[in-house]
Amino acid sequence: MNVEDIGRICNLGTGTVGPGITLTFALAGYEVNMYGRSNDSIKRGMNAITDMLKKFREHGLVQDSDIPEIIGRIKGVTTLEEAADGVDFVIESIVENLSAKQEIFAKMERLCLVNTIFASSTSGLTTSAIAESLEYKERFIVAHFWNPPHLIPLVEIVPGQYTSQNTTNITSKLLLKIGKKPVILKKEALGFIGNRLQFAMLREALSLIDSGVATKEAIDTTIKYALGRRLSTTGPLESADLSGLDIIYDISAYLFKDLCNDTSVSHTLTEPIDEGRLGTKTGSGFYEWTPNSLSKISKVREDNLIEWLKKDRNGYLE
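Keep in mind that what you see is a predicted model, and the values were worked out from it rather than measured. (Residues numbered from 1 in each chain as written. Predicted model: local features only at pLDDT ≥ 70, side-chain atom pairs only at ≥ 80, totals over all residues. Heavy atoms only, no water.)

Student: Is there a simple way to explain the side chain of S120 in this structure?
Tutor: With respect to the secondary-structure elements, S120 resides in strand β5 (residues 117–120). Every residue in contact with S120, bar those within four places of it in the chain, is listed here: I91, E92, K101, F105, I130, F140, I141, V142, A143 and H144. (Helix = DSSP H or I, 4+ residues; strand = E, 2+ residues; numbered from the N terminus. Contact = heavy atoms within 4.5 Å.)

Student: Which parts of the structure should I look at to understand the nonpolar core?
Tutor: Note that soluble globular proteins tend to have their nonpolar side chains buried in a common cluster. Judged by nonpolar contacts, the single largest core of 41 residues is most densely connected at I9, F25, F89, I91, F145 and L174. Ranked by the residues each element gives to this core, the list is headed by helix α2 (residues 39–58), at six residues. Sequence-distant contacts of I9, defined by excluding residues within four places in its chain, comprise F25, Y30, E31, V32, N33, V87, F89, I91 and L174. Membership of the second largest hydrophobic core comes to 18 residues, among which are V77, L80, V90 and M108. (Core = buried A, V, L, I, M, F, W, Y, C linked by side-chain atoms within 4.5 Å. Buried < 20%, exposed > 50% of the residue type's maximum accessible area, 1.4 Å probe, protein only.)

Student: Whenever I open this one, a negative patch on the surface confuses me. Can you help?
Tutor: A cluster of acidic residues, D210, D262, E271 and D274, forms a negative patch on the protein surface. Here E271 lies in helix α12 (residues 267–274). With a relative accessible area of 41%, E271 lands in the partly exposed category. (Patch = residues over 30% accessible without salt bridge, like charges linked within 9 Å, V, L, I, M, F, W, Y side chains within 5 Å. Areas by Shrake-Rupley, 256 points an atom, 1.4 Å probe, with all protein chains shown as cover. Salt bridge = Lys/Arg side-chain N within 4 Å of Asp/Glu carboxyl O. Lys, Arg positive; Asp, Glu negative; His and termini not counted. Charge placed at Lys NZ, Arg CZ, Asp CG, Glu CD.)

Student: What should I look at first to understand the environment of L231 in this one?
Tutor: Along the chain, L231 falls in helix α9 (residues 216–231). Assessed through its relative accessible area of 43%, L231 is described here as partly exposed. Distance in space between the C-alpha atoms of L231 and L113 is 42 Å, their sequence separation being 118 residues. Setting aside residues no more than four positions away along its own chain, L231 makes contact with P236 and S239.

Student: For this particular structure, what's the right way to read unusual backbone geometry?
Tutor: If a residue is not glycine, its phi is most likely negative; likewise, a peptide bond is most likely trans. Look at the link from N147 to P148: it is a cis peptide, with omega at 0°. Relative to the helices and strands, P148 resides in the loop between β6 (140–145) and β7 (154–158). Phi at F192 is positive, roughly 60°, even though this residue is not glycine. Note on placement: F192 falls in the loop between β8 (181–184) and α8 (194–210).

Student: Please explain the environment of H144 as it appears in this structure.
Tutor: Considering the arrangement of structural elements, one finds H144 in strand β6. Sequence-distant contacts of H144, that is, excluding residues within four places in its chain, are made with S120, S121, T122, S123, L154, V155, E156, F192 and N195. Only 3.4 Å separates the side chain of H144 from the side chain of W146, close enough to count as a polar contact. One polar contact links H144 to E156, side chain to side chain, over a distance of 2.7 Å. (Polar contact = N/O pair within 3.5 Å; in protein donor to acceptor, adjacent residues only side chain to side chain.)

Student: Just checking my understanding: could you explain the pairing of strand β4 (residues 89–92) for this structure?
Tutor: With burial as the criterion, each face of β4 is covered, one bearing F89 and I91 and the other bearing V90 and E92. Direction of pairing for strand β1 (residues 8–12) relative to β4: parallel, over a ladder of four bridges. Bridge pairing in β4 links L12 to E92. Note: β4 against β5, four bridges, orientation parallel. Across the sheet, the residue bridging to E92 is S120, located in β5. Regarding topology, helix α5 (residues 98–111) serves as the crossover connection from β4 to the parallel β5, and that connection is right-handed. (Pairing = 2+ DSSP bridges. Right-handed = clockwise from strand over helix to strand, strands pointing away.)

Student: Would you mind going over the pattern of salt bridges with me for this structure?
Tutor: Two side chains that carry opposite charge are able to pair once their charged atoms sit near each other. Considering all chains together, one arrives at 13 salt bridges under this definition. R57 is the salt-bridge partner of D64, the closest N and O atoms lying 3.1 Å from each other. The salt bridge involving E69 is made with R73; its shortest N-O contact spans 3.1 Å. Among the charged side chains, a salt-bridge network with shared partners connects K55, K299, E302 and D303.

Student: I'm lost on α5 in this one. Help?
Tutor: The periodicity of an α-helix, 3.6 residues per turn, causes residues three or four positions apart to be oriented the same way. With 14 residues, α5 ought to run about 20 Å at 1.5 Å a step, and its terminal C-alpha atoms sit 20 Å apart, in line with that. K101, Q102, I104, F105, A106, M108 and E109 are the residues of α5 that are buried. (Expected span 1.5 Å × (residues − 1).)

Student: I would appreciate a short explanation of helix α7 (residues 165–177) in the present structure.
Tutor: Counted at 1.5 Å a residue, the expected span for α7 with its 13 residues is 18 Å, and the 18 Å between its end C-alpha atoms agrees. Within the span of α7, buried status applies to T167, T168, I170, T171, S172, L174 and L175. Of the residues flanking the end of α7, it is G179, one or two places downstream, whose phi is positive at about 90°.

Below, the structure is given as C-alpha cells:
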C-alpha cells in the first residue's frame, strides 16, 4: 500500500486527544470513523470538535462555510465493527494501559482490511510491547501526537522491532499530508524524545525546590520568559551551536556534576498526590486553581499555540 491508497481513517478514543486527532484528519480532507464506547462519549467528542472549530473560525483558520463539510467527514461510532468499516489507517488514543491497547488492536486486526496500518498515540509505551497482541506485527507503529493535537505540529514516529520500513514510510508521509511535523526515532525508548526531555527538566525543577534554591513561581517564570521563548525557534543542540560548543563544554564540566540524577520520585511531587491534590482536575496541585484561573491560562495557551500554528502555515521555521 502507498500513502495515496489511504482513504478513510479510524480514530479509537474520544478522551483527551482523540477529538483533536480526529479533527486534524478531517481538516485535511479525510473521512474519519471516531470510535467511543457510548453515545455520550461520542457526543462529548463531537462537542469538543465543534469548540475547536469555533476557535479556528475566530482566528481565521477556517470559514463558517467550511465547518459543516468538515464535521460531515466525521462519523461517530460505538462498535468496533463500525470503527473498522472501510478504514486504511487506525490511530488509537484510549487509556494509557498496555493490556487495554493490546486488546483493542487484536480485535481491530480481525475486523480490518489485510493492509490496514495500525498506530498508537501512546505517550511512552513501547511499540513492540503493544504489537505483541497482533498477528501481523509489521503493520504496527507508534505515532505520538502531542496534546493538543490539533494545535501542536509534532508527531513522534516510533517503529518497533517488528515494524516494516514500508509502514514507517507511509505513516510519515501521511502525517506530512495532514500538516504535521513527524520525527522518526532510530530505535524504541521509553518516553520517546519529548517526554524524556520534558521529564529531565521536571526532575531538575523539583530538585531546585527540594534544595531550597528557588520557588515554583521563579522556576515557571524562568521557563516561560527565557527558555520557552528561545526554544520555540532553536532546539537545545542548535542553541549550543549558537552559544559556542567550547563555552557549552566549560559549563558542562562543572554543572553536570551538580545536576539532579535521582532515580526516585521527589517528595515535592508525591506529597500533593498523597493529599489528593492532583492539579487542575482536583482544583489544586502545585498551585491552587479556580475556574477563572484555569480558564485564563487555558485561553492564553490556546491563543499562543494558534499564533504559532499560523506562523507554521506561513513557513516561519522552514
